[in-house]
Amino acid sequence: MRLQKYMAKCGVASRRKSEDLISRGLVDVNGKTIIEPGFIVDIDNDIVKVDGKTIKLEKSKVYIMLNKPIGYVTTLKDEKNRKVVIDLVEGVNERIYPIGRLDIDTSGLLILTNDGDLTQKLSHPRNEIVKRYIAVVEGVPNRNELQTIRNGINIDGKKTAPAIVKIAKRYENESILDIRIHEGRNRQVKKMCDAINHPVKKLKRVAIGEIEISGLDIGNWRYLNQEEIDYLNRL
Ligand code: URA
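Trainee: I'd like a rundown of the overall build of the chain, residues and numbers included.
Mentor: A tally of regular secondary structure across the chain gives six helices and 17 strands. Its C-alpha atoms give the chain a radius of gyration of 24 Å, clearly above 18 Å, the size a compact globule of 235 residues would have. Its C-alpha atoms put the chain at 80 × 35 × 30 Å along the principal axes. Among the 235 residues that make up the chain, the fraction classed as buried is 40%. Contacts in the chain between residues at least 24 apart in sequence constitute 61% of all its contacts with a sequence separation of at least 6. Working note: accessible area of the chain is about 13,900 Å², and carbon and sulfur atoms make up 45% of it. Taken as two groups, the 42 positive and 33 negative side-chain charges of the chain have centres that lie 2 Å from each other.

Trainee: Any chance you could break down the pattern of salt bridges for me, citing the residues and the numbers?
Mentor: Across all of its chains, the model carries eleven salt bridges by this definition. Close ionic contact of Arg101 with Asp103 constitutes a salt bridge, the shortest N to O distance being 3.5 Å. The exposure class assigned to Asp103 is buried, which follows from its relative accessible area of 11%. Counted as one network, the salt bridges with shared partners bring together Arg101, Asp103, Asp105 and Lys190.

Thresholds, definitions, all that
Residues numbered from 1 in each chain as written. Predicted model: local features only at pLDDT ≥ 70, side-chain atom pairs only at ≥ 80, totals over all residues. Heavy atoms only, no water. Helix = DSSP H or I, 4+ residues; strand = E, 2+ residues; numbered from the N terminus. Rg over C-alpha atoms; globule rule 2.2 N^0.38 Å. Buried < 20%, exposed > 50% of the residue type's maximum accessible area, 1.4 Å probe, protein only. Contact = heavy atoms within 4.5 Å. Areas by Shrake-Rupley, 256 points an atom, 1.4 Å probe, with all protein chains shown as cover. Lys, Arg positive; Asp, Glu negative; His and termini not counted. Charge placed at Lys NZ, Arg CZ, Asp CG, Glu CD. Salt bridge = Lys/Arg side-chain N within 4 Å of Asp/Glu carboxyl O.

Have a look at this one:
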């Protein structure tokens, strides 16, 4: 982008006034004073200073929810060439990335954004954001087993925090559990269910805090609405 346009976009001054600042020798790019107004800057990497102060482009923040299908990884690139969730979100110009992760064989709610502050907030264990999962498990856990995972199980020498667990449906050989946890340890729900010998057959995340996946078909995405963004900002 031309230097004076970049300066104007950063809110320094109009393009014309920015040209004036440039010709007066007040603008540095990567430590070098630039006096030609048409100078091209790399807006992602160059450091532009006006009168000694670094200027920055306020990037618009984007918040998206995706109903992740099974078979996709939540990393941005995969060394094993597996499908990546970011390929499902077409037509978004900003560089977004998923907040947190879901296993390749887990489906459901994933929030993607370019907002680093929100990412920190949602990922930090201290904030105890509840994630809700629906798990199809083998067999039907009895009361004691349910209580065991509610109380917390040992993963790598550390007990999981108390969880809310209910049986949503019972069948002869399997059941559907509704599980709410606020930690995000690796394969946590599967390990919790393994610990009571009712392994997970299918797992879906249906909510993160008050943000719910309902109404969005598998593989589809949408922008979060203002109410949802306000909720996340209030957290
Ligand atoms: N717990 C799991 O075991 N897997 C996930 O993908 C998310 C939570």
